[in-house]
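What follows is each chain in one-letter form.
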Amino acid sequence: MLTAPILLLLAAAHTGLFSSGGVVAYLVLIAAWAIGVIAIWLGGWSHKVTISLTIAYTVAAIPVLPFVGLLAVCSAGDCI
């Protein structure tokens, strides 16, 4: 739930997907969010806990995933 989206963003940054265009970057961010949500739904928790975690993860992912994407791009050397 936490490491797979970050690894996806790191892989996308090091392969240059963020520098190729805006639509591709947004698709990578959406895929990173979807991986986290799928991991929550496959966690085996009750429906109430699963829905609560999905809402909390989505709210947290709105500012965090673009920031982590920026950090991933900066680690690849294309920050400036």
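Residues numbered from 1 in each chain as written. Predicted model: local features only at pLDDT ≥ 70, side-chain atom pairs only at ≥ 80, totals over all residues. Heavy atoms only, no water.

(A) Main features of the confidence of the model for the protein chain. Of all residues in the protein chain, 94% attain a pLDDT of 70 or more, and the chain-wide mean is 86. Mean pLDDT values for the elements of the protein chain range from 85 in helix α1 (residues 3-15) up to 89 in helix α2 (residues 22-41). (pLDDT = per-residue confidence, 0-100. Helix = DSSP H or I, 4+ residues; strand = E, 2+ residues; numbered from the N terminus.)

(B) Seen up close, the nonpolar core. Judged by nonpolar contacts, the single largest core of 13 residues is most densely connected at Leu-9, Ala-13, Phe-18, Val-28 and Leu-65. Those elements that place two or more of their residues in this core are α1, α2 and α3 (47-76). Per-element tally for this core: the top contributor is α3, with five residues. Beyond its immediate sequence surroundings of up to four residues, Leu-65 is in contact with Pro-5, Leu-9, Leu-29, Ala-32 and Trp-33. (Core = buried A, V, L, I, M, F, W, Y, C linked by side-chain atoms within 4.5 Å. Buried < 20%, exposed > 50% of the residue type's maximum accessible area, 1.4 Å probe, protein only. Contact = heavy atoms within 4.5 Å.)

(C) Inspection of the side chain of Thr-50 at higher detail. Tracing the chain through its elements places Thr-50 in helix α3. From its side chain, Thr-50 meets the backbone oxygen of Trp-45 in a polar contact 3.5 Å long. Thr-50 has contacts with Ile-40, Trp-41 and Trp-45, leaving out every residue within four places of it along the chain. (Polar contact = N/O pair within 3.5 Å; in protein donor to acceptor, adjacent residues only side chain to side chain.)

(D) Summary view of the side chain of Thr-54. Relative to the helices and strands, Thr-54 is located in helix α3. One polar contact links Thr-54 to Trp-41, side chain to side chain, over a distance of 3.1 Å. Apart from residues lying up to four places away in sequence, Thr-54 is in contact with Val-37, Ile-40 and Trp-41.

(E) Representation of α2 in the model. In a regular helix each residue adds 1.5 Å, so 20 residues correspond to 28 Å; α2 covers 29 Å between its end C-alpha atoms and thus fits that length. By the burial criterion, the buried members of α2 are Ala-25, Val-28, Leu-29, Ala-32, Gly-36, Val-37 and Ile-40. (Expected span 1.5 Å × (residues − 1).)

(F) Local environment of the packing of α2 against α3. Orientation of α2 relative to α3, taken along the N-to-C sense of each, is 155°, at an axis distance of 10 Å. By the angle between their directions, the pair α2 and α3 is classed as roughly antiparallel. Where α2 crosses over α3, the handedness of that crossing is right-handed. Across from Leu-29, Ala-32, Trp-33, Gly-36, Val-37, Ile-40 and Trp-41 in α2, the residues of α3 making contact are Thr-50, Ile-51, Leu-53, Thr-54, Tyr-57, Thr-58, Ala-61, Leu-65 and Pro-66. (Axes fitted to C-alpha atoms, helices over the stretch in contact; angles between N-to-C directions. Parallel < 35°, antiparallel > 145°, perpendicular 65-115°, else oblique. Left-handed = near helix turned anticlockwise from the far one by under 90°.)

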